[in-house]
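The primary structure of each chain is shown beneath.
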Amino acid sequence: MAVHTGTVPSMAKGWQWTIASDKWSCGQAAALRGAHIIRQAIAKRGSCNVVLATGASQFDLLEGLTNDASIDWSKVTCFHLDEYIGLSEQHPASFVGYLKERFLDKLTNKPAAFHFLDGTADPDKACRQLGNIIRSHKIDVAFIGFGENAHLGFNDPPADFESDAAFITVDLAESCRQQQLGEGWFDQLDDVPRQAITMTIHQITAAKHIICTVPEKVSAAQLQDNFHDFTSQGTGST
């Protein structure tokens, strides 16, 4: 696994970057770092709270986490980053279905709890209910990706930085919907939902640690451009 780790400009204190030679190494490096954070939290207070994302960027990360026998998942509470409105978990593109198949079902030692977003429930009610739960759980590590249009979760740019809610409903940008189609989750653009529930920027950035895994070149280029904007000007697309 070929990786190179370093620090970023001083204006972004606390940030570190890791460059990997391939997608698998990228995901495995992220999983190793995440597993270390989880073990530390459990050793310190006997429990850990994490946020899990979905999409192609998380394939190798989740594989690494589920294969790590050093993690006592029975002491971990999991939260779900985002979900399409109107999709049941039986739909091939459902993020609930994704996380059950690629994460939960692969664990023999199940998490203490997994708080999923139900895309078929009343969206506003789902946001309130899960928001009330997550407020009592300080997130130790949020595993996220970075979209081709610079979105975090389903917070398409220009994202809402003002809301102090934990979850909100959003209209999906056409560029975001095109990405979902391009990754093969839907047969045609008309099938891609136009709305979703997402964890807010406020809630994502409240995590003690954030591990952003970006294995695709197009998303990595967006991350580089936006990170440069953020560190040099204090701004960024998302």
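Up top is the structure these notes are about.
The sections below set out a description of the structure shown in this document. (Residues numbered from 1 in each chain as written. Predicted model: local features only at pLDDT ≥ 70, side-chain atom pairs only at ≥ 80, totals over all residues. Heavy atoms only, no water.)

1. Overview of the overall build of the protein chain
Then comes step 1: Along its length, the protein chain carries seven helices and 10 strands.
Then comes step 2: Across the 238 residues that make up the protein chain, the buried fraction comes to 48%.
Then comes step 3: For the protein chain, long-range pairs separated by at least 24 residues make up 75% of all intrachain contacts whose partners lie at least 6 apart in sequence.
Then comes step 4: Total accessible area computed for the protein chain in this model is approximately 11700 Å², and 50% of it derives from carbon and sulfur atoms. (Helix = DSSP H or I, 4+ residues; strand = E, 2+ residues; numbered from the N terminus. Buried < 20%, exposed > 50% of the residue type's maximum accessible area, 1.4 Å probe, protein only. Contact = heavy atoms within 4.5 Å. Areas by Shrake-Rupley, 256 points an atom, 1.4 Å probe, with all protein chains shown as cover.)

2. Remarks on the nonpolar core
Then comes step 1: Grouped together as the largest cluster of nonpolar side chains are 39 residues, with contacts concentrated most on Ile38, Val50, Leu52, Leu65, Phe103 and Phe143.
Then comes step 2: For this core, the secondary-structure elements that each account for two or more residues are helix H1 (23–45), strand E3 (48–52), helix H2 (59–66), strand E4 (76–80), helix H3 (95–102), strand E7 (141–144) and strand E8 (167–171).
Then comes step 3: Here this core takes seven residues from H1, the largest share from any one element.
Then comes step 4: Beyond its immediate chain neighbours, meaning those up to four positions away, Val50 contacts Ile38, Val76, Thr77, Cys78, Phe79, Ile139, Val141 and Phe143. (Core = buried A, V, L, I, M, F, W, Y, C linked by side-chain atoms within 4.5 Å.)

3. Points about the state of the cysteines
A covalent bond bridging the sulfur atoms of two cysteines is what the word disulfide describes.
Then comes step 1: Inspection of every chain in the model, using the stated rule, returns zero disulfides.
Then comes step 2: Among the cysteines around Cys212, which has no disulfide bond, Cys26 carries the closest sulfur, lying 9.1 Å off.
Then comes step 3: Owing to a relative accessible area of 28%, Cys212 belongs among the partly exposed residues under this scheme. (Disulfide = S-S within 2.5 Å.)

4. Points about helix H4 (residues 123–134)
Then comes step 1: When the terminal C-alpha atoms of H4 are compared, their 16 Å separation across 12 residues agrees well with the 16 Å that a helix rising 1.5 Å per residue should span.
Then comes step 2: Residues Ala126, Cys127, Leu130, Gly131 and Ile134 constitute the buried set of H4. Mapping the buried residues of H4 onto a view down its axis gives an arc of 125°, with all of them on the same face. The exposed set on the far side of H4, more than 90 degrees from its buried face, consists of Arg128 and Asn132. (Expected span 1.5 Å × (residues − 1). Arc of directions from axis to C-beta.)

5. Looking at the layout of surface pockets
Then comes step 1: Put simply, the second largest pocket is a space of about 330 Å³.
Then comes step 2: Around the second largest pocket sit 24 residues that line it, and Thr54, Gly55, Ser57, His151 and Gln179 are the ones nearest its centre.
Then comes step 3: Every element with two or more residues in the lining of the second largest pocket is listed here: helix H5 (174–182) and helix H7 (217–233). (1 Å grid on protein atoms, 1.4 Å probe; cavity = no way out; pocket = protein on both sides within 12 Å on 5 of 7 lines; lining within 4 Å. Points joined across faces, edges and corners; volume = space filled by probe spheres on them.)

6. Points about the packing of H1 against H2
Then comes step 1: The contact between H1 and H2 brings their axes to 7 Å, and the two run at 45°. Taken together, the axes of H1 and H2 lie oblique to each other. Two packed elements cross with a definite hand, and for H1 against H2 that hand is right-handed. Residue-level contacts link Lys23, Trp24, Gly27, Gln28, Ala30, Ala31 and Ala35 of H1 to Asp60, Leu61, Glu63, Gly64 and Leu65 of H2. (Axes fitted to C-alpha atoms, helices over the stretch in contact; angles between N-to-C directions. Parallel < 35°, antiparallel > 145°, perpendicular 65-115°, else oblique. Left-handed = near helix turned anticlockwise from the far one by under 90°.)

7. Brief notes about H3
Then comes step 1: For H3, every residue scored as buried is listed here: Phe95, Val96, Gly97, Tyr98 and Leu99.
Then comes step 2: In this structure, the buried residues of H3 make contact with E3, H2, E4, strand E5 (82–84) and strand E6 (113–115).
Then comes step 3: The N-cap of H3, judged by a side-chain oxygen 3.2 Å from the amide nitrogen of Val96 a few residues on, is Ser94. (Polar contact = N/O pair within 3.5 Å; in protein donor to acceptor, adjacent residues only side chain to side chain.)

8. Describing the sheet that holds E4
Then comes step 1: One open sheet accounts for five strands, arranged E6-E4-E3-E7-E10; its pairing is parallel. Each of the sheet's edge strands pairs with one partner strand only, and the pair in question is E6 and strand E10 (209–212). Neighbour-to-neighbour, the strand axes of the sheet open up by a mean angle of 15°, direction not taken into account.
Then comes step 2: With two bridges joining them, E3 and E7 adopt parallel strand pairing. Paired with Val51 across the two strands is Ala142, which belongs to E7. (Pairing = 2+ DSSP bridges.)

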